[in-house]
Amino acid sequence: MTALRAPNAAVTVFGPDFPFPFDDWIAHPQGLGTLPASAHGQEVAIVGAGIAGLVAAYELMKLGLKPVVYEASRMGGRLRSQAFAGPSGAPGIVAELGGMRFPASSTAFFHYVHLLGLQTQPFPNPLTPAAGSTVIDIEGQTHYAQTLADLPPLFHEVAQAWALALEADARFSDMQQALRERDVPRLKAMWNALVPLWDDRTFYDFVAQSDAFAKLSFHHREVFGQVGFGTGGWDSDFPNSMLEILRVVLTGCDENQHLITGGVQQVPMGLWSHTPETLAHWPAGTSLASLHQGAPRPGVTAITRAADDRLAVTDTWGTTRTYAAVLVTCQSWLLTTQIVVEESLFSHKLWMALDRTRYKQSSKTFVMVDRPFWKDKDPQTGRDLMSMTLTDRLTRGTYLFDNGPDQPGVICLSYAWMGDALKMLPHTSEKRVQLALAALKKIYPTVDIASHIIGEPITVSWEADPYFLGAFKGALPGHYRYNHRMYGHFMQDRLPPAERGIFIAGDDVSWTPAWVEGAVQTSLNAVWGILHQFGGQCPSDNPGPGERFADIGPIALPD
């Protein structure tokens, strides 16, 4: 049983589907487990060098196995920090093309951030001190604010209705308090009661049918969708399962967010080169990089069952190697579009879940500017010249990154999802900048943003990348069973022998897609599964997720 924590403990991504303390497990002084000496040095294939793949590779290396990492694209996956080009470069000045804001509740992820000695700072979300000021522009009206109190009553009514709806329909305060205290029986009782009732509900249905919003106008729901509160508008999530949205707010993923100073790609790349203090089997100073002679193996094109019952992995250049275990961390659609995976390796039920994953489109457009000019004061109003901006216009979200008064600044001109992202898809980076500047000109008619731009813009559309096909999963109503099949796949004792030995991980396997903590937690599940397969065991006072899964695992819904 997980020890109870103080009532005022911080909110963490502790369940609620599987309330296992991943942060405590990986920080335990006795480590994750031990392997028999006969397993030491045996190879395990890791498909994908994103955060899920590299966390698993790092922990498996510490246990004495030899991870063999394959990567078809760029190391880091969707933790991609791209430096702006310049005559001498701009050290530390980056565009965060994938994950860029990380809630403090992501305690397993931050375990590795702190292990690597990386610095963080508050993310400049709307209405936070880090943003300084916020502009909300909707239906042609512009509102300037530093806190929620500065906004008209309409916005207070929207925020209050959302809070009241959660409280009335989900016992939000009680459930979050159980999560804070890590009171597993109480948390599971409340969450498990909601799952069968809410599996078929969309986010929009929850909002529209709640008593709190029903008392208000359609315009209130419209404002909630367009500009929202906290981190911004919610409309791109309206078709999603309400269970998924509740997980996000319950575990604090939408608040108290931080960025990694100098770029989040330092985390996966840091794990690649880090030398652990404690290693089984390997000599001191061993790192993932040294085990790979500095570079991962090329991308994987096929995974099959070999004649000796091992798993055969074929790479881009036709080289086939066999392994007792393979961990696949790429997006699930790639198992039918980029990698030829022998059908019998997964059950038809699991294939259904993998194929029905729904990925969301996302685009970002960044420019580097000569300085954080937005902090200049407008001589007429005394306000900041420009602010973090939420709008119903094409740009949707505009974020301002201050790297210091003597350093270039960065503006994310547009961060958009779904339909708004698709509007950008066919356009060049220059056209995207022009479209964004034209939209922002209507909000800031006297500000010449273009005159401050230096270097070349950086942009991304994740749905156009053949190695991703989308930014992140957004579960639809009725997808709970699919998620349950994927998440619990690391528990393989009851699988037919033909389906054992291949594991899956990543944020799309987790219950919290789009959040890095889900990628880390599922990779740790896979580490336990592989440890178990090789005959290893966890310390008696530090049981792993597999030891607890039968007792506190996700509730199963009937097929």
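Structure shown above.
Read on for an overview of the structure. Not measured: the values here are computed from a predicted model.

**A closer look at empty space enclosed by the protein**
For the structure shown, the criterion picks out 7 cavities of 30 Å³ or more. Within this model, the largest cavity holds a volume of roughly 90 Å³. If you go around the largest cavity, the residues you meet are Val13, Gly15, Pro16, Asp17, Phe18, Arg247, Tyr487, Ser510, Trp511, Thr512, Gly518 and Gln521. Taken together, the residues that form the lining of the largest cavity break down as 5 nonpolar, 5 polar and 2 charged. A volume near 80 Å³ is recorded for the second largest cavity. If you go around the second largest cavity, you meet 13 residues; those closest to its centre are Leu127, Ile136, Leu151, Gly228 and Phe229. With 3 residues, the single largest contributor to the lining of the second largest cavity is helix H4 (residues 153–170).

**Observations concerning the pattern of salt bridges**
Counted under the stated rule, the structure contains 25 salt bridges. Its salt-bridge partner being Lys66, residue Glu43 comes within 3.8 Å of it at the nearest N-O pair. Within this pair, whereas Glu43 is found in strand E1 (residues 43–47), its partner Lys66 is found in strand E2 (residues 66–70), the two being separated by 23 residues in sequence. Judged by its relative accessible area of 24%, Lys66 falls in the partly exposed class. Salt-bridge contacts for Asp420 lead to Arg396; the nearest nitrogen and oxygen are separated by 2.8 Å.

**Side note on helix H9 (residues 218–226)**
Burial in H9 covers these residues: His220, Arg221, Val223, Phe224 and Gly225. Against the buried residues of H9 lie strand E7 (134–138), H4, helix H7 (203–209) and helix H8 (211–214). A positive phi of about 60° marks Gly228, the residue just after H9.

**Some thoughts on the side chain of Asp237**
Here Asp237 shows up in the loop between H9 and helix H10 (242–250). Since its relative accessible area comes to 17%, Asp237 is described here as buried. Setting aside its immediate chain neighbours within four residues, Asp237 contacts Phe203, Ile245 and Lys360.

**Quick look at the side chain of Asp183**
Tracing the backbone shows Asp183 in the loop between helix H5 (172–181) and helix H6 (184–198). We classify Asp183 as buried; its relative accessible area is 15%. For Asp183, the contacting residues outside a window of four places in its chain are Leu4 and Ala178.

**Looking at the layout of surface pockets**
Size it by volume and the second largest pocket reaches roughly 620 Å³. What lines the second largest pocket is a set of 23 residues, among which His484, Gly488, Met491, Leu495 and Phe549 lie closest to the centre. Considering every element that reaches the lining of the second largest pocket, the biggest residue donor is helix H17 (residues 480–487), with 4 residues. Considered class by class, the residues forming the lining of the second largest pocket number 10 nonpolar, 6 polar and 7 charged.

**Concerning the sheet that holds strand E12 (residues 320–323)**
Overall, mixed pairing links the 4 strands, which are arranged E12-E11-E10-E14 in an open sheet. Of all strands in the sheet, those with a lone pairing partner are E12 and strand E14 (340–341), marking the two edges. The pairing of strand E11 (residues 311–315) with E12 spans 4 bridges and is antiparallel. Residue pairing for E12: Val313 is matched across the bridge by Arg321.

**Side note on the pairing of E1**
Burial runs high along E1: 4 of the 5 residues are buried. Of the pairings in the sheet, the one linking E1 to E2 comprises 5 bridges and is parallel in character. Each residue of the ladder has a partner; that of Ala45, found in E2, is Val68. Note on the crossover from E1 through helix H2 (residues 51–63) to E2: the handedness is right-handed. Across 3 bridges, E1 lies against strand E13 (residues 326–328) in parallel orientation. Across the sheet, the residue bridging to Ile46 is Leu327, located in E13.

**What to know about the nonpolar core**
If you look at the biggest cluster of nonpolar residues, it comprises 130 residues, and the most contacted ones within it are Phe109, Trp162 and Leu246. Sorting elements by how many residues they give to this core places H2 first, with 10 residues.

**Concerning the packing of H6 against H10**
In the contact formed by H6 and H10, the axes pass within 10 Å of each other and the chain directions differ by 150°. From H6, Trp191, Leu194, Val195 and Trp198 reach across to H10, where they touch Met242, Leu243, Leu246 and Arg247. A breakdown of the residues in the contact of H6 with H10 according to their chemical character gives 7 nonpolar, no polar and 1 charged.

Conventions and cut-offs
- Residues numbered from 1 in each chain as written.
- Predicted model: local features only at pLDDT ≥ 70, side-chain atom pairs only at ≥ 80, totals over all residues.
- Heavy atoms only, no water.
- 1 Å grid on protein atoms, 1.4 Å probe; cavity = no way out; pocket = protein on both sides within 12 Å on 5 of 7 lines; lining within 4 Å.
- Points joined across faces, edges and corners; volume = space filled by probe spheres on them.
- Nonpolar A, V, L, I, M, F, W, Y, C, P; charged D, E, K, R; others polar.
- Helix = DSSP H or I, 4+ residues; strand = E, 2+ residues; numbered from the N terminus.
- Salt bridge = Lys/Arg side-chain N within 4 Å of Asp/Glu carboxyl O.
- Buried < 20%, exposed > 50% of the residue type's maximum accessible area, 1.4 Å probe, protein only.
- Contact = heavy atoms within 4.5 Å.
- Pairing = 2+ DSSP bridges.
- Right-handed = clockwise from strand over helix to strand, strands pointing away.
- Core = buried A, V, L, I, M, F, W, Y, C linked by side-chain atoms within 4.5 Å.
- Axes fitted to C-alpha atoms, helices over the stretch in contact; angles between N-to-C directions.

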